[in-house]
Structure formats: C-alpha cells, structure tokens
Amino acid sequence: MTWLWIVGGIVLLVVVGVICFSLGIQYRKRVSEREISSAEEEAKRIINESIKGAESKKREALLEAKEEIHRNRSEYDREVRERRAELQKQERRLQQKEENIDRKSEGLERRTETLNAKIAEAEAQKEEIHLIKRGQLEMLEKISNFTQEEAKKYLIDQLASEVTHEMAMKVKDIETQYKEEADERAKEIISTAIQRCAADHASEVTVSVVPLPNDEMKGRIIGREGRNIRSIETLTGVDLIIDDTPEAITLSSFDPVRREVARIALEKLIVDGRIHPARIEEMVAKAQKEVNATIKSEGERATFETNIHGLHPDLIKFLGRLRYRTSYGQNVLDHSIEVSHIAGLLASEIGANVTLAKRAGLLHDLGKAIDHEVEGSHVTIGVDLARKYKESEDVIHAIAAHHGDVEPQTLVACIVQAADSISAARPGARRENIESYVKRLEKLEEVSRSFPGIAGCYAIQAGREIRVMVIPEEVGEDQMILLAREIAKKIETELTYPGQIKVHLLRETKAIEYAK
C-alpha cells in the first residue's frame, strides 16, 4: 500500500511539474511576443525617423548642388564674357596690323619701282662712263706710248720700289731704336756681371807628366820584365808612356780621376824609392784616399764659394770630380763656379730668383762628372742625377736647356744658358780644335754666300764678324738692310757659335771715265 502511495506521489509530482513547465512556457511566450511587438514598433519608429532625416538631407544636398551649379554657371558666363572681349581686342589688333602691312607693302612697291628706275639710270651712266673711260685710255695710250698692261706694270714697279724703300727705312729705324735700348741695357747687365766675377782660366791637358829625378828611375819604374809598370797600369787603369823624353813619364787616360790617382801614387813611389808590386798597391790605395778627400773638399769649396746650401752629399762629390774634368782646356769645376756667380749676378740685375739661378748654374754641367762612365750626353746624365737627388723642377729644366736641347721655358733657364755662353766665350777661356775652328769659319762663309747678289764674303775677327761684299747692280741700298737681316737669321738657325757674329755688308759703286 505504501508502495502505491509512493508511485502516486511521484506521478502527482510529474503531473504538477509538467503543468508548471507548460505554464512557464506560455508565460515566456507572451513576454517574448510583447518584446517582439515592442522591438518592431521601435524599428518602425527608427526607420520612419531615418527616412525623414534622409529626405531632409536630400533636400539640403539638392539645394547646395543647385547653389553650386548657379555659382559655376555665373563664373563660366564671366569667363566667356572676358574671353570674348579678349578675342575682340585681338581681332582689332590683327586688323590694325593687316592695315599697317598693306600700307607698308604699298610703300615698298613704290620704293621698289623708284629703285629699279635708279638702277636702270645707274646702269646707263655706268655704260656711259665705261665708254668715256675707254676713250680716255685710248687717248692716254696714244699720248704715253704705253699699253694698259705696260702702264700697270710700270706703276706697280714704281710702287714696289717706294714700298721697299719705306719698309727698309722703317725696319732700320725700329731696329736702331730697339737695338740701342737693348744693347745698352744688355751691355750694362753683362758687363756688370763679368766685372764682378773675373775668374782666372788655366788651360789643362788630358795627359799628366810626372818629372823624374834621373833617367835611371825609368828602369826602376818599369821593373824586372816590366812587372812594376804592369802593376801600376793594372791597379790604376792608366797607360804609362815612357819615351825618349828625358827625366819624365807621361800618364794617359780618358778618366781624369784615374790619371790623378796614378800621378799621386807615382810621385809617392819616386819619393819613397821602394818600387815593387806590394808597395805600388799600397801607394795606389793611399793616392785613392787622397783623391777622394780632395774630391770632397773641392765639392765643398764650390758650394762654399757659391753659397749654395742643402745639396745632397753625393752631388757634392760629383761636383768635386769636376775638378779633374776639362772641356776645351777649361776646368769644368771652375767653369761651373763662374757660371753660378754670373747667373746670380744676372738674376739680381733683372729681378729673378738669385739663389735658384746660382744653384742651377753650379749644377748645369753635373753630368760631365761621370760622362766617361755612363752612356749619354752630359745634359741627359745631369738631368738624371738632379732628378735622382730630388732637385727642383726649375733646376732640372735649366740643366736640360743650357745647351738648347730643349726650349727654355723659365727665366732661370735663360739666365743659366746666357751665363754658360758668357763663361765659355771669354777670350782664352777655352781652346778650340783647329780643324773644327776652320770648319766653322768655312760654314759661316758658305751660309753667307748662299744668298743671291753676293760678290764675296770673308770671316774675320776669329769668326766673330762676317764681311760680305754685294754686287751693286743686283742689290740696292734699301735691300741691303733686309739682306743683312736675312743672313743673320740664317746664321742663327744653321750654326752653333759662342757669343755673337757681326754681319757687315759692303756695297761699292765706281764710275770710271777717261779724259782724252
């Protein structure tokens, strides 16, 4: 029974739960329907408001668009009016220009007609003048007995003669004026430089002579079977010439330093009296040291006398070697010192760099120190040595240009070239080979004879003047000035010579008559 009550209670509970669930669902359904209805109404309200707002904005936008269109239309109308006014102005200007062009064209046509008429009149006058001229020429030809071509040739010859005379006189006047001024200034500068630097010149030879106390010493120097003389020649590289000259031995070598070493060694051996290969070797070594010391001291003396500082020690030694080098009998070291002094004096006279000019003058013949040992001219060797020991480009250029191998580009190079010529051209400074001297004089006469109208020419004053006799019938007075100038220019171009050469032209006319 209890069990039935329990089942019944459970069933009752289930029924009550179902009823409550159904009632809850119905309640929620009604609540949801009310909310949905409320949301739909809100949505309708929002939609209606949105539609109203959109219509309002649409009306505002339409209004603004209409106003913008009105403004654009007004601006467009204004621009159209302005452009129309501008076009009207341009049309008026074009119309005025066309009218002006028409008026000018009419005026130009009238002027063209007038000009054509004047041209026709001028042509007629020209033809008339031509006829008159022809008649006058025919009349002149009859009067003068000259044809037109003959008269033209006569006038041209007369004019050429007058022009030649005037040109010669003008050239002579200009040459005289500038020559007086240039000669006066040049003589002043050069004479001042030479007077302030008067160095002595001693002619030197390329062989050395060692005096002997007696002829017996020759045999001791030769030694048994010639061993002593062979030893001396081997150690020094010098040839010993033992001939019939009493009490003297001649030393011969292309290298002056070797010759000096041999001379000193031989003099020491003669004083010592002990002459054998071992002693010879010892004396040659001592002589070599003495010569090296002399070379260094002579190089230092040269720099001290010229007041040149900052030279590389090797350059000083090369300068010292020039003490034993001669050129045409002139000592090259003394020549270099003299060139340095003259270059410095010339530079001071014309306002150039004195120190640089003296330095370049001292080093200009540097290549002669080793030109027996190195191939090439002394100019090329000197340039290489100066460049090797970091001398300035101005000094290097002056060395390269002092014999005219390259064109002088600086004032210092020109000064060194002039100083070198002054030192070498001094009377007695150099000895010139008689054969080359004669050839130079013959070449000078040959160059002068190459011009037409020359009767004869003679080189005088040791080649410092060329005297030229002209044929008077072929060379006139006016032509002599021009001919002398041409001869001088050809001599400058084709010949090499120290100093300057005077070209002296002579023209002599004679009139001979016999009284009977």
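Our subject is the structure listed above.
Definitions and limits used
- Every chain begins its residue count from 1, and numbering advances along the sequence as written.
- In keeping with the model being predicted, local features are shown solely for residues with a pLDDT of at least 70 and side-chain atom pairs are shown and tallied solely at 80 or more, while totals for entire chains, interfaces and linings include all residues.
- Think of the side-chain values as coming from all heavy atoms in the structure, minus any hydrogens and water.
- Helix and strand assignments follow DSSP, with helices taken as H or I runs no shorter than four residues and strands as E runs no shorter than two, numbered in order from the N terminus.
- For each residue, the accessible area found with a 1.4 Å probe, counting protein chains only, is set against the maximum for its type, and the residue is called buried under 20%, exposed over 50%, and partly exposed in between.
- Any pair of residues with heavy atoms lying within 4.5 Å of one another is described as a contacting pair.
- Note that accessible areas follow from Shrake-Rupley with a 1.4 Å probe, and for residues the cover is restricted to the protein chains shown.
- Here, patches come from residues exposed beyond 30% relative accessible area and free of salt bridges, joined within 9 Å for like charges and within 5 Å for nonpolar side chains (Val, Leu, Ile, Met, Phe, Trp, Tyr).
- By salt bridge we mean one thing: a side-chain nitrogen of Lys or Arg within 4 Å of a carboxyl oxygen of Asp or Glu.
- At least two bridges found by DSSP between two strands is the condition for calling them paired.
- All axes here are fitted lines through C-alpha atoms, helices being fitted over the stretch that makes contact, and every angle between N-to-C directions spans 0 to 180 degrees.
- For this count, His and the chain ends are skipped, Lys and Arg are scored as positive, and Asp and Glu as negative.
- Where a charge lies is defined by one atom per residue type, namely NZ (Lys), CZ (Arg), CG (Asp) and CD (Glu).
- Aromatic pairing here means that ring centres of Phe, Tyr or Trp (its six-membered ring) are within 6.5 Å. Orientation follows from the plane angle: under 30 degrees is stacked, over 60 is edge-to-face, and everything else is tilted.
- Here, a charge over a ring means that NZ of Lys or CZ of Arg falls within 6 Å of the ring centre while also lying within 35 degrees of the ring normal.
- Nonpolar cores were defined as sets of buried Ala, Val, Leu, Ile, Met, Phe, Trp, Tyr and Cys residues, with membership established by side-chain atoms within 4.5 Å.
- In what follows, roughly perpendicular refers to angles from 65 to 115 degrees, roughly parallel to angles under 35, roughly antiparallel to angles over 145, and oblique to any angle outside these ranges.
- With the far helix as reference, a near helix turned anticlockwise by less than a right angle produces a left-handed crossing, and one turned clockwise produces a right-handed crossing.
- One less than the number of residues in a helix, times 1.5 Å, gives the span that helix is expected to have.
- Pairs of N or O atoms within 3.5 Å make up the polar contacts considered here, provided that, within protein, one atom can donate a hydrogen while the other can accept it, and that residues adjacent in sequence are counted only when both atoms are side-chain atoms.

Teacher, can you tell me more about the overall build of the chain here?
Check the secondary structure of the chain and you find 14 helices and eight strands. Expressed as a percentage of the 516 residues in the chain, the buried residues total 30%. Within the chain, contacts between residues separated by at least 24 positions form 62% of all contacts whose residues are at least 6 apart in sequence. Carbon and sulfur atoms make up 54% of the accessible area of the chain, which amounts to about 35,200 Å² in all.

Can you help me understand the side chain of Lys368 in this one?
Looking at where Lys368 falls in the secondary structure, it is placed in the loop between helix H9 (354–363) and helix H10 (378–388). Among residues more than four places away in sequence, those in contact with Lys368 are Leu322, Arg325, Ser327, Val332 and His378.

What is the right way to read a nonpolar patch on the surface from this model?
Together, Trp3, Leu4, Val7, Val11, Val15, Ile19 and Leu23 give the surface a local cluster of nonpolar side chains, amounting to about 680 Å² of exposed area. Topologically, Leu23 is positioned in helix H1 (residues 2–144). Assessed through its relative accessible area of 51%, Leu23 is described here as exposed.

Please explain the sheet that holds strand E6 (residues 454–460) as it appears in this structure.
Here three strands make up an open sheet; going across it, the order is E6-E7-E8 and the pairing mixed. Among the strands making up the open sheet, the edge pair consists of E6 and strand E8 (502–506). Within the sheet, the average angular offset between the axes of one strand and its neighbour, ignoring direction, is 20 degrees. As paired elements, E6 and strand E7 (residues 465–470) share six bridges and run antiparallel to each other. Within the sheet, the bridge partner assigned to Ile454 lies in E7 and is Val470. The strands touched by helix H14 (residues 477–494) are E6, E7 and E8; relative to E8, the strand with the most contacts, the crossing angle is about 145 degrees.

How do you make sense of the pairing of strand E3 (residues 248–252) when you look at a structure like this?
Taken residue by residue, a regular strand's side chains alternate between the two faces of the sheet. Within E3, four of the five residues are buried, which leaves it mostly tucked inside the rest of the structure. In the sheet, strand E2 (residues 239–241) pairs with E3 via three bridges, with the strands oriented antiparallel. Across the sheet, Ile241 pairs through a bridge with Thr250, a residue of E3.

When you look at a negative patch on the surface in this model, what are you seeing that I'm missing?
A cluster of acidic side chains, namely Glu98, Glu99, Asp102, Glu106, Glu109 and Glu113, defines a negative patch on the protein surface. Examined against the element boundaries, Glu109 turns out to sit in helix H1.

Looking at this model, I keep getting lost on the packing of aromatic side chains. Mind explaining?
For any pair of aromatic rings, the description rests on two quantities: the centre-to-centre distance and the angle between the ring planes. Evaluated as defined, the whole model comprises one aromatic pair. Look at Phe318 and Tyr389: their rings are 6.4 Å apart centre to centre, the planes differ by 55 degrees, and that puts the pair in the tilted class. Residue Phe318 is located in helix H7 (residues 313–321), and its partner Tyr389 is located in the loop between H10 and helix H11 (393–401); the two are separated by 71 residues in the primary sequence. Judged by its relative accessible area of 16%, Phe318 falls in the buried class. Seen from the ring of Phe451, Lys490 lies directly overhead, with NZ or CZ sitting 5.4 Å from the centre.

Looking at this structure, how should I read the nonpolar core?
Side chains that are nonpolar tend, in soluble globular proteins, to be buried together. Membership of the largest hydrophobic core comes to 32 residues, with the highest contact counts inside it found for Leu311, Phe318, Leu319, Leu362, Leu363, Leu366 and Leu385. Contributing elements (two or more residues each) for this core: H7, helix H8 (332–350), H9, H10, H11 and helix H12 (411–425). Looking at which element gives the most residues to this core, the answer is H11, with six residues.

What exactly am I supposed to notice about H10 here?
At 3.6 residues per turn, the α-helix brings residues three or four places apart onto the same side. Those residues of H10 lying buried are His378, Val379, Ile381, Gly382, Val383, Leu385 and Ala386. Residues of H10 that are buried make contact with H7 and H11. Directly beyond the C-terminal end of H10, a positive phi value near 60 degrees is found at Lys390.

Teacher, can you tell me more about the packing of helix H4 (residues 227–236) against helix H6 (residues 277–306) here?
For any two helices packed against each other, one specifies the crossing angle of their axes together with the interaxial distance. Taken N-terminus to C-terminus, the directions of H4 and H6 make an angle of 30 degrees; their axes are 9 Å apart at the nearest point. When the interaxial angle is binned, H4 and H6 end up roughly parallel. For the element pair H4 and H6, the recorded crossing hand is right-handed. For the pair H4 and H6, contact is made by Arg227, Asn228, Ser231, Ile232, Leu235 and Thr236 and by Pro277, Ile280, Glu281 and Val284, respectively.

Sorry, what's going on with unusual backbone geometry here?
Residues apart from glycine generally show negative phi values, whereas peptide bonds are mostly found in trans. With a phi angle near 55 degrees, Glu225 is a residue other than glycine that sits in the positive phi range. Within the element layout of this structure, Glu225 appears in the loop between helix H3 (216–222) and H4. Overall, the relative accessible area of 71% leaves Glu225 in the exposed class. The backbone phi angle of Lys390 is positive, close to 60 degrees, even though this residue is not glycine.

Looking at this structure, how should I read the pattern of salt bridges?
Working definition: two side chains of opposite charge can pair if their charged atoms are close together. In total, this model carries 19 salt bridges according to the counting rule given. We note a salt bridge from Arg279 to Asp272, for which the minimum N-O separation is 3.0 Å. Using a relative accessible area of 11% as the deciding quantity, one classes Arg279 as buried. The class for Asp272 is partly exposed, based on a relative accessible area of 27%.

Before we go on, may I ask you to explain the environment of Arg224 in this structure?
When you line up the elements, Arg224 lands in the loop between H3 and H4. C-alpha of Arg224 to C-alpha of His276: the two residues are 52 residues apart in sequence and 9.6 Å apart in space.

Help me understand the packing of H6 against H8 in this model?
Where H6 contacts H8, the axes come no closer than 10 Å and their chain directions differ by 15 degrees. Our classification of the angle between H6 and H8 gives roughly parallel. Relative to H8, H6 is oriented so that their crossing is right-handed. For the pair formed by H6 and H8, the contact residues are Glu298, Arg301, Ala302, Glu305 and Thr306 on the first element and Leu333, Asp334, Ile337, Ser340 and His341 on the second.

How do you make sense of the environment of Glu508 when you look at a structure like this?
Examined against the element boundaries, Glu508 turns out to sit in the segment after E8. Under the relative-accessibility criterion, Glu508 is labelled exposed at 54%.

So what exactly am I meant to see when it comes to H8 here?
Along its 19 residues, H8 runs 26 Å from first to last C-alpha, staying within 8% of the 27 Å computed at 1.5 Å per residue. Burial analysis of H8 places 14 of its 19 residues in the buried class, the great majority of the element. Of the residues flanking the start of H8, the one acting as N-cap is Asn331, its side-chain oxygen 3.1 Å from the backbone nitrogen of Leu333. Directly beyond the C-terminal end of H8, a positive phi value near 80 degrees is found at Gly351.

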